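Each chain, letter by letter, is given below.
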Amino acid sequence: MNRIYDSVEPRVIDDDMLKLAVGEQGPQEEAGQLAKQEGILFKDVLSLQLDFQNILRIDNLWQFENLQKLQLDNNIIERIEGLENLTQLVWLDLSFNNIKVIEGLDTLVNLEDLSLFNNRISKIDSLDALVKLQVLSLGNNQIDNMMNIIYLRQFKCLRTLSLSGNPITQAEDYRMFIYAHLPDLVYLDFRRIDDHMANLAEMKYQYTIDELKHREHLRQTKLEEEEAQQMKLEEHKMAFVEHLNGSFLFDSMYAEDVEGSKLSCLPIVGELLETYKDKFVIICLNIFEYGLKQHEKRKLELDTFNECVQEAIKENQEQGKLRIARFEEKHLLSVSAIREESELLNIEKRIVECGEDITELFNVLMTLEMQLVEQLEETINMFERNITDMVGTFIENVQSLILSCRDLENHHHEKLLEISISTLEKIIKGELDEELPDDVRTLFVDKDTIINAVGASHDIHLLQIDNREDELVTRINSWCTHLVDKIHKDEVMRNRKRVKEINQYIDHMQSELDNLECGDMD
């Protein structure tokens, strides 16, 4: 079933092999010969055939970023690897190799046809990313478990499946099982599925299929809920207020607070703690709601800015196109006149005039670009001021709300300390009616011990509040800085690209004029 090593030494895919393959498989006519002379860029290759090369390992294919068809059949490949960059791949043939495990296909989201025929594969898995898969060839492998068929139900586009030559094909009702569980399949083992047999299979396995559909529905529902929750969390993160729409921050204050947990057993403290938590969570919810509203305002500001920039660029481009169109119309007439002119002095005069027109166009286009640069610079600076002010106001208001959280914590600390000292005095006098757990009683040795315990609890709470505030402030400031920096860099790149375009166009027009001048002088 597997390929044995040939007498020829095993090979890896290197540049020499790739250049030879691309050259041999490229067009042979005049265009192909020209391409060979000038060199073929691997990124432009759409199909690559590397079969019968005694290849042991897949490597060095990262440059073939637009490859759509890849043949690696009839080699001695042991692992599927090195295909990460081939995201445009539609057709992949890895048949007649020594592959044991399906892997390394996670980025091939456009793959429609996959052949792993005649390998040593025993399990069908790790194909989840291949949502467009239509044809799957796994014949002559070692697949022996019907549960592999259940796995294939997720591929809604799968129409052709080959499993011939696997132990699984010896199972009772092999075909009926597949007909029932893969109802959209059209071809199985190179034969078209008969509609009558498919209907019989559906009836035979109806109960099993119904149960399976129910489980799949529950799983899909759960997945959609998790995805929705994740999307909400991402939105909350973008607003810098994630986990503030509940008791998460409050709970985190007590998560590692051993002393605070012990002290919650004291008389009245439980009720005091519930009141504290309710007020604390209300403040967190206020921060959360305010954060989402401010996030929407920042988004609107950014969208408005981008619209203004695009409108300014579009208007400037239209003016430039109009000037170029007028120039080219006049230039064509001038060139025609030069070619028809027989007097040398008149030719020279017209050529000089054309050169002046080119220079004038250059000055006009550069002036337009400078005007756009100044306009965009003003727009960017205004946006920078606005977004910075918005971020500053947001931080200021959030810090004011967080200060309220600290005030609540300080108030709770004072009350807890008061209750703890009162409890200590009752214990000393033997007046405490309530029975305290042993680990709690160890805190009430003396006044210093209980003050230290309450203080340690208070410090933990304040630290959690401080950390959440610092995280929020740091992240939104970083976001603002990176956003503004990117906008400035993008504008610099846009300007450089535009100036380059103008120079290339003017150089081209000047070169044509120079060639025309040389031709007429001859």
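Throughout what follows, the structure given in this document is the object of discussion. (Residues numbered from 1 in each chain as written. Predicted model: local features only at pLDDT ≥ 70, side-chain atom pairs only at ≥ 80, totals over all residues. Heavy atoms only, no water.)

1. So, the packing of helix α6 (residues 206–238) against helix α9 (residues 269–340)
Now for step 1: One way to put it is that α6 packs onto α9 with a least axis distance of 9 Å and a crossing angle of 80 degrees. Of the possible angle classes, the one that applies to α6 and α9 is roughly perpendicular. Where α6 approaches α9, its residues Glu235, His236 and Met238 are matched on the opposing element by Phe288, Leu292, His295, Glu296 and Arg298.
Now for step 2: Of the residues assigned to the contact of α6 with α9, the class counts are three nonpolar, two polar and three charged. (Axes fitted to C-alpha atoms, helices over the stretch in contact; angles between N-to-C directions. Helix = DSSP H or I, 4+ residues; strand = E, 2+ residues; numbered from the N terminus. Parallel < 35°, antiparallel > 145°, perpendicular 65-115°, else oblique. Contact = heavy atoms within 4.5 Å. Nonpolar A, V, L, I, M, F, W, Y, C, P; charged D, E, K, R; others polar.)

2. Some thoughts on the packing of aromatic side chains
Now for step 1: In total, this model carries 11 aromatic pairs according to the counting rule given.
Now for step 2: Measuring from centroid to centroid gives 5.8 Å for Tyr151 and Phe155, while their planes differ by 65 degrees, and the two rings are edge-to-face. When sorted by exposure, Tyr151 lands in the same class as Phe155, which is buried.
Now for step 3: Taken together, the aromatic side chains of Phe250, Tyr254, Tyr276 and Phe280 make up a single cluster linked through ring pairs.
Now for step 4: Over the ring of Phe394 we find Arg298, and its NZ or CZ is 5.1 Å from the ring centre. (Phe/Tyr/Trp six-rings, centres within 6.5 Å; stacked < 30°, edge-to-face > 60°. Buried < 20%, exposed > 50% of the residue type's maximum accessible area, 1.4 Å probe, protein only. Lys NZ or Arg CZ within 6 Å of the ring centre and 35° of its normal.)

3. Observations concerning helix α4 (residues 174–181)
Now for step 1: A large share of α4 lies buried, amounting to seven of its eight residues.
Now for step 2: Among the residues of α4, those classed as buried are Tyr174, Met176, Phe177, Ile178, Tyr179, Ala180 and His181.
Now for step 3: Close packing links the buried residues of α4 with α3 (147–151), β9 (187–188), α5 (195–204) and α6.

4. Here's the deal with the sheet that holds β9
Now for step 1: Spatially, the eight strands line up as an open sheet ordered β2-β4-β5-β6-β7-β8-β9-β10, and their pairing is mixed. Here the strands that pair on one side only, and so sit at the sheet edges, are β2 (47–49) and β10 (191–192).
Now for step 2: In this sheet, β9 lies alongside strand β8 (residues 160–162) in parallel orientation, the contact comprising two bridges. When the bridges of β9 are listed, Thr160 appears paired with Tyr187. (Pairing = 2+ DSSP bridges.)

5. A short note on the side chain of Lys262
Now for step 1: When you line up the elements, Lys262 lands in helix α8 (residues 258–263).
Now for step 2: Residues contacting Lys262, with those up to four places away along its chain left out, are Asp439, Val440 and Leu443.

6. Topic: the pattern of salt bridges
Now for step 1: A complete count under the given rule lists 19 salt bridges for this structure.
Now for step 2: Here the salt bridges do not stand alone but share partners, grouping Glu242, Arg468, Glu471 and Arg475 into one network. (Salt bridge = Lys/Arg side-chain N within 4 Å of Asp/Glu carboxyl O.)

7. Some words on unusual backbone geometry
Now for step 1: Phi at Asn74 takes a positive value of approximately 55 degrees, unusual for a residue other than glycine.
Now for step 2: Within the fold, Asn74 resides in the loop between β4 (69–71) and β5 (91–93).
Now for step 3: For Phe96, which is not glycine, the phi torsion reads 55 degrees and is therefore positive.
Now for step 4: Relative to the elements of secondary structure, Phe96 occurs in the loop between β5 and β6 (113–115).
Now for step 5: Residue Phe96 is classed as partly exposed on the basis of its relative accessible area of 29%.

8. Considering empty space enclosed by the protein
Now for step 1: Throughout the structure, instances matching the rule amount to two cavities of 30 Å³ or more.
Now for step 2: By volume, the largest cavity amounts to about 70 Å³.
Now for step 3: Residue assignment for the lining of the largest cavity shows that the elements contributing at least two residues are α9, α10 (344–429) and α12 (447–521).
Now for step 4: Looking at the second largest cavity, its volume works out to about 30 Å³.
Now for step 5: Lining the second largest cavity, in full, are Leu244, Leu249, Ile287, Ile402, Arg468 and Leu472.
Now for step 6: In the lining of the second largest cavity, the residues fall into five nonpolar, no polar and one charged. (1 Å grid on protein atoms, 1.4 Å probe; cavity = no way out; pocket = protein on both sides within 12 Å on 5 of 7 lines; lining within 4 Å. Points joined across faces, edges and corners; volume = space filled by probe spheres on them.)

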